[in-house]
Amino acid sequence: MSNPSFSIVDIMDRGLSAATLQREFVSDQDSVQLDRAQLTGDAMVSAFKDTFREAVVVDRFRDILDGIDLIKTPLQVATKFINAKYAALSSAAGFLSSPTTAVTVCPDGVGYFRHFQGGSIYWHPSTGAHEVHGLIRQRWAEMGWETSFLGYPKTDETVGRDPQSAGRFNHFQGGSIYWHPSTGTFEVHGAIRAKYLALGAESSVLGYPSTDETGTPDRRGRFNHFQAGSIYWTAETGAYEVHGLIRQLWAAQGWERNPNLGYPISDELIPDRRIGHVHPETQRKPIVAMPLDVVKLPFEARSPGLTSVVTSAPLAEFVGLSEGRTAVNRSLVVREAATDLHAAGRAATNLVENGVESGNGFALARGTIKLDTGLESGGIAPLTAERRGTAAVALEDQTSINLNAAVIDRGVFGTRPEINVDLVDRIGAQPKSSSAPEKSLNRFGDFENGVLFWHRNATQAIALSPWLQSADGEKTHLKPQDIIDKISPTLLPGLGTVAGVTFAGIGFVGTTGYWFDGVGSHNRKHRFSVTLLGKRVQRVGFSDIEIPMPVMLEIQLEVAFEPISRKVVGFITDWSLPGGTGGITASATLDAHLHRELDGLLWKAIPLLAIDDTEAGQPFAILSVKTMIDGQVFVFIEPRFSRQDLLMSQIDRSVLAVDFTP
């Protein structure tokens, strides 16, 4: 199969990696590791000349070819491309205007730059030539230019895909910098950036970043806040987004510092009454007329006692506002809002006309804006630096929900009910679960120690309690001893055949943390200590006697939900002899015997609980099967509410202030 062609423009935009990407079919989203020798001296010049010979010539860049054979140094190569980029941007007539420096080598001796009155062009042999200007350039300079973890630019400044096309960004080798007129300029990198890009970046429900990546108070995690939500990451759990009313409740209850919740271990999900959950659509709908922070609740929520428009704030300490605006520490203010979408739109117009900055929902204006109800909305009131404004929440309309099976989570062994894509067809062909009469429109977010749930008729989320028993009284949770009783018939026969030792007992000693496999979060593992009793020969006087000697074997087990069979199962994932064998008789073969008996049990499903597909005659969704720190296993299910339940559950939310500083 022939390789796809690449052009001189590709070389300018990607450097040497233009050819490497085509030859190796590597995604241009990935970093291409080039041989270090290619990046310097004669080797780099030769590599570029070879790349030129393979490239398709684009007429408007034909001048780049002039004098190629005369190029002898990397400086000449860099100058060629920096000048070509400058010409492509209309030279001195463009926004860069006139140059203020010559082409200069960077401190690393590999890249080159040239500063202009309106910005800079940087060139690196593995990224190509790209311009950086304005507030994004200023932020990059503050971070240390290319010597920071961001490295060299991989794109020019690019218009964002937000509905108003108001924002801008540059991608760099190690991350991205985003700018929006209502939030400022902030960087995103690492696993948080990967999650952000996967969701759709600035065009997603999150919008633009409103903080740099920041460490959490417990020094365990990292986060970025965005206009309409947040992404939190830890090494154990991975990176997940949280937004809307679920995020609002999580924040109100202490963010990740609340031991009853901890860090998120899922994005916001839609319950599915056959396979656990599906992902909602993440793209923000282009409702240009509405401020980002004002969202219309579903029609069902319009009834006495329920607001129809919600304004909420996901910002922490807010720094780096563009154009010299004052930074303000903000927290959530939720107020009674207008009765319809049009009133919210009129309020937004009033804000703009009165000079109020409303793109991210915070207001630092004089004067009071009243809506049709005569009530102040979303914290829109005479605010000072002491009065705190609002930011964003993004609740999607019913029409945005995507229930396509193609977005079903991969994997079977996660903490939440997930399904292997290879089994999707089997769900339709051989259903174990009953089909629900209608699809769920609710949402939930899974956290380390709990589940937060939003019913689509409600104006606030709730924390779910574990499902402890079914309607017919059957127990639906497990204690460590229950698990021991369930796994013993599988585990003990093999241990009973191990030469030189006898089984003496098994006990629960604790749990591990969550663990992230690159795709999803896995449950905490149970740690069980198995006591095997052997004998050790000891010399006493002139005689050898056998002394009983215990050997402690640790077995780790992970609990998960298998949605096809609707069973909670356990998987033995690992075993070890943390204290060694202690020199017992036959210890030389003990390890081999244990491998023979236990290795075959690894990752084989051991049934722990069987769950019916209906509760009180109604199909229901298993949202999470969670191993707690104390070893108890709790099941969380999608609750059902009557209309009266929802009305009675609403709290007076005329003024609810929550400190959002993590």
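Thresholds, definitions, all that
Along each chain, residue indices are assigned from 1 in the same order as the chain's sequence is written. Local features in this predicted model are restricted to residues of pLDDT 70 or higher, and side-chain atom pairs are both shown and tallied only at a pLDDT of 80 or more, whereas totals for entire chains, interfaces and linings draw on every residue. Derived side-chain values reflect all non-hydrogen atoms in the structure, with water molecules and hydrogen atoms excluded from consideration. Each helix is a run of H or I in the DSSP string that is no shorter than four residues. Each strand is a run of E no shorter than two, and both are numbered from the N terminus. The buried label applies to any residue whose accessible area, calculated with a 1.4 Å probe on protein chains only, is under 20% of its type's maximum; exposed applies above 50%, and partly exposed to all values in between. Accessible surface is estimated by sampling points in the Shrake-Rupley manner with a 1.4 Å probe; for residues, cover comes only from the protein chains shown. For this analysis, residues touch if any pair of their heavy atoms sits within 4.5 Å. Identification of polar contacts relies on pairs of N or O atoms within 3.5 Å, with a donor-acceptor requirement for protein atoms, meaning one able to donate a hydrogen and the other able to accept it, and with residues adjacent in sequence counted only if both atoms are side-chain atoms. At least two bridges found by DSSP between two strands are what make those strands a pair. For this document, the term salt bridge refers to a Lys or Arg side-chain nitrogen within 4 Å of an Asp or Glu carboxyl oxygen. Think of it this way: a Phe, Tyr or Trp ring, Trp meaning its six-membered ring, pairs with another when their centres are within 6.5 Å, and the plane angle makes it stacked under 30 degrees, edge-to-face over 60, tilted otherwise. To get an axis, fit a line to the C-alpha atoms, keeping to the stretch in contact for a helix; angles then go from 0 to 180 degrees between the N-to-C directions. Here roughly perpendicular refers to angles of 65 to 115 degrees, roughly parallel to angles under 35, roughly antiparallel to angles over 145, and oblique to all remaining angles. Nonpolar residues are Ala, Val, Leu, Ile, Met, Phe, Trp, Tyr, Cys and Pro. Charged residues are Asp, Glu, Lys and Arg, and all others, Gly as well, are polar. Definition of nonpolar core: a set of buried residues of the types Ala, Val, Leu, Ile, Met, Phe, Trp, Tyr and Cys, connected through side-chain atoms within 4.5 Å. To estimate the expected span of a helix, count its residues, drop one, and scale the result by 1.5 Å. pLDDT is defined as a per-residue confidence score from the predictor, taking values between 0 and 100.

### Observations concerning the overall build of the protein
Item 1. When helices and strands are tallied, the protein shows twelve helices and 32 strands.
Item 2. Here the protein, with 662 residues, has 55% of them falling under the buried criterion.
Item 3. Roughly 27700 Å² of accessible area belongs to the protein as shown, and the carbon and sulfur atoms make up 53% of that amount.

### As for the environment of Arg168
Item 1. Position of Arg168 among the secondary structure elements: in strand β6 (residues 168-172).
Item 2. Assessed through its relative accessible area of 25%, Arg168 is described here as partly exposed.
Item 3. Not counting chain neighbours up to four residues away, the residues in contact with Arg168 comprise Ile136, Glu157, Thr158, Val159, Gly160, Ile177, Tyr178, Trp179 and Tyr208.
Item 4. Reaching out from Arg168, the side chain makes a polar contact with the backbone oxygen of Ser165 at a distance of 3.2 Å.

### A closer look at the pairing of strand β12 (residues 238-243)
Item 1. By the criterion of burial, β12 is predominantly enclosed, with six of the six residues buried.
Item 2. The alternating pattern of β12 places Gly238, Tyr240 and Val242 and Ala239, Glu241 and His243 on opposite faces, both of which are buried.
Item 3. Where strand β11 (residues 229-234) hands over to β12, the hairpin turn is made up of three residues, counted between the paired strands.

### A look at the sheet that holds strand β1 (residues 104-105)
Sheet strands pair by backbone hydrogen bonding; their relative direction is either parallel or antiparallel.
Item 1. Pairing is antiparallel across the open sheet formed by four strands, whose spatial order is β1-β2-β3-β4. Every interior strand has two partners, whereas the edge strands, β1 and β4 (128-132), have only one.

### Details of the pattern of salt bridges
Close approach of charged atoms lets side chains of opposite charge pair.
Item 1. Here the structure, examined in full by the defined rule, presents 15 salt bridges.
Item 2. The closest approach of N and O atoms between Glu202 and Arg161, which form a salt bridge, is 3.3 Å. Taken as a pair, Glu202 in the loop between α6 (190-199) and β9 (214-215) and Arg161 in the loop between β5 (158-159) and β6 lie far apart in primary sequence, 41 residues in all.
Item 3. Linking Lys475 and Asp482 is a salt bridge whose minimum nitrogen-to-oxygen distance equals 2.7 Å.
Item 4. Residues joined in a network through salt bridges with shared partners are Asp13, Lys85 and Asp156.

### Topic: the packing of aromatic side chains
Item 1. What the rule picks out here adds up to 26 aromatic pairs.
Item 2. On the basis of an interplanar angle of 35° and a centroid distance of 5.4 Å, the ring pair of Phe169 and Tyr178 is categorised as tilted.
Item 3. On the basis of relative accessible area, Phe169 is assigned to the buried category, the value being 10%.
Item 4. Their ring planes at 80° and their centres at 4.8 Å tell us that Tyr232 and Trp250 sit as a pair that is edge-to-face. Of the two residues, Tyr232 is situated in strand β11 and Trp250 in helix α7 (residues 244-252); the sequence distance between them amounts to 18 residues. The burial state of Tyr232 is the same as that of Trp250; both residues are buried.
Item 5. Each residue in the set Phe113, Tyr122, Trp140, Trp145, Tyr152 and Phe172 is aromatic and connected to the rest through ring pairs, giving one cluster.

### Regarding the sheet that holds strand β18 (residues 443-447)
Item 1. Reading across the sheet, the three strands line up as β18-β19-β20 and stay open at both edges, with antiparallel pairing between neighbours. Looking along the sheet, the strands with just one partner apiece sit at the ends: β18 and β20 (462-463).
Item 2. Both β18 and strand β19 (residues 450-454) contribute to a ladder of five bridges, which runs antiparallel. If you follow Arg443 over to β19, its bridge partner there is Trp454.

### Points about the packing of helix α3 (residues 41-54) against helix α4 (residues 74-88)
If you want to describe how two helices pack, look at the angle between their axes and the distance between the axes.
Item 1. Where α3 meets α4, the closest approach of the two axes is 9 Å, and the angle between their N-to-C directions is 40°. Classified by the interaxial angle, the pair formed by α3 and α4 is oblique. Listed contacts from α4 to Gly41, Met44, Val45, Phe48 and Phe52 of α3 are Pro74, Val77 and Phe81.
Item 2. In terms of residue class, the contact of α3 with α4 is made up of seven nonpolar, one polar and no charged.

### Points about the nonpolar core
Item 1. Core analysis: the largest hydrophobic core is formed by 37 residues, its most contacted members being Ile483, Leu491, Leu553, Val568 and Leu594.
Item 2. Of all elements in the fold, only α10 (480-495), β24 (525-540), β25 (543-562), β26 (567-576), α11 (587-598), β27 (605-610), β30 (622-627) and β31 (633-637) reach the threshold of two or more residues within this core.
Item 3. If you tally residues by element for this core, the top one is β25, at six residues.
Item 4. Not counting residues up to four positions away in its chain, the partners in contact with Leu491 are Ile506, Val530, Ile555, Ile572, Leu598 and Leu601.

### What about α4?
Item 1. In a regular helix each residue adds 1.5 Å, so 15 residues correspond to 21 Å; α4 covers 21 Å between its end C-alpha atoms and thus fits that length.
Item 2. Taken together, the buried positions of α4 are occupied by Pro74, Val77, Ala78, Phe81, Ile82, Ala84, Lys85 and Tyr86.
Item 3. Elements that come into contact with the buried residues of α4 comprise α1 (8-14), α3, β2 (112-116), β3 (119-124) and β4.

### Let's talk about the side chain of Ser230
Item 1. Turning to its location among the elements, Ser230 is positioned in strand β11.
Item 2. Polar side-chain contacts of Ser230 include one of 2.6 Å to the side chain of His225.
Item 3. Look past the residues within four positions of Ser230 in its chain and what remains in contact with it is Leu206, Asn224, His225, Tyr240, Glu241, Val242, Arg247 and Trp255.

### Describing the confidence of the model for the protein
Item 1. Chain-level pLDDT for the protein is 74 on average; 68% of the residues reach the 70-or-more range.
Item 2. Counted against residues more than four places away or in other chains, residues 23-32, with its pLDDT under 50, gives 18 contacts.
Item 3. Counting contacts from residues 651-662, a segment whose pLDDT is below 50, to residues more than four positions away or on other chains yields 48 contacts.

### Side note on unusual backbone geometry
Across residues other than glycine, the phi torsion is negative in most instances, and most of the peptide bonds are trans.
Item 1. The backbone of Ser165 sits at a positive phi, close to 50°, despite the residue not being glycine.
Item 2. As for its position among the elements, Ser165 is in the loop between β5 and β6.
Item 3. By relative accessible area, Ser165 is classed as partly exposed at 37%.
Item 4. Notably, Trp603 is not glycine yet its phi reads approximately 60°, a positive angle.
Item 5. Mapped onto the elements, Trp603 comes out in the loop between α11 and β27.
Item 6. On the basis of relative accessibility, which here comes to 34%, the residue Trp603 falls in the partly exposed class.

### Some remarks on the pairing of β26
Item 1. Burial analysis of β26 places seven of its ten residues in the buried class, the great majority of the element.
Item 2. In this sheet, β27 lies alongside β26 in antiparallel orientation, the contact comprising five bridges. Pairing of Val569 across the sheet is with Pro607, part of β27.

### Considerations on the environment of Thr147
Item 1. Topologically, Thr147 is positioned in the loop between α5 (134-143) and β5.
Item 2. Among the residues examined, Thr147 registers a relative accessible area of 57% and is labelled exposed.
Item 3. Residues Thr147 and Pro107, 40 residues apart in the sequence, show an inter-C-alpha distance of 8.0 Å.

### Some thoughts on α7
Item 1. Burial of α7 is extensive: eight of the nine residues sit out of reach of the surface.
Item 2. Buried within α7 we find Gly244, Leu245, Ile246, Arg247, Gln248, Leu249, Trp250 and Ala251.
Item 3. Positive phi shows up at Gly254, right after α7, with a value of about 105°.

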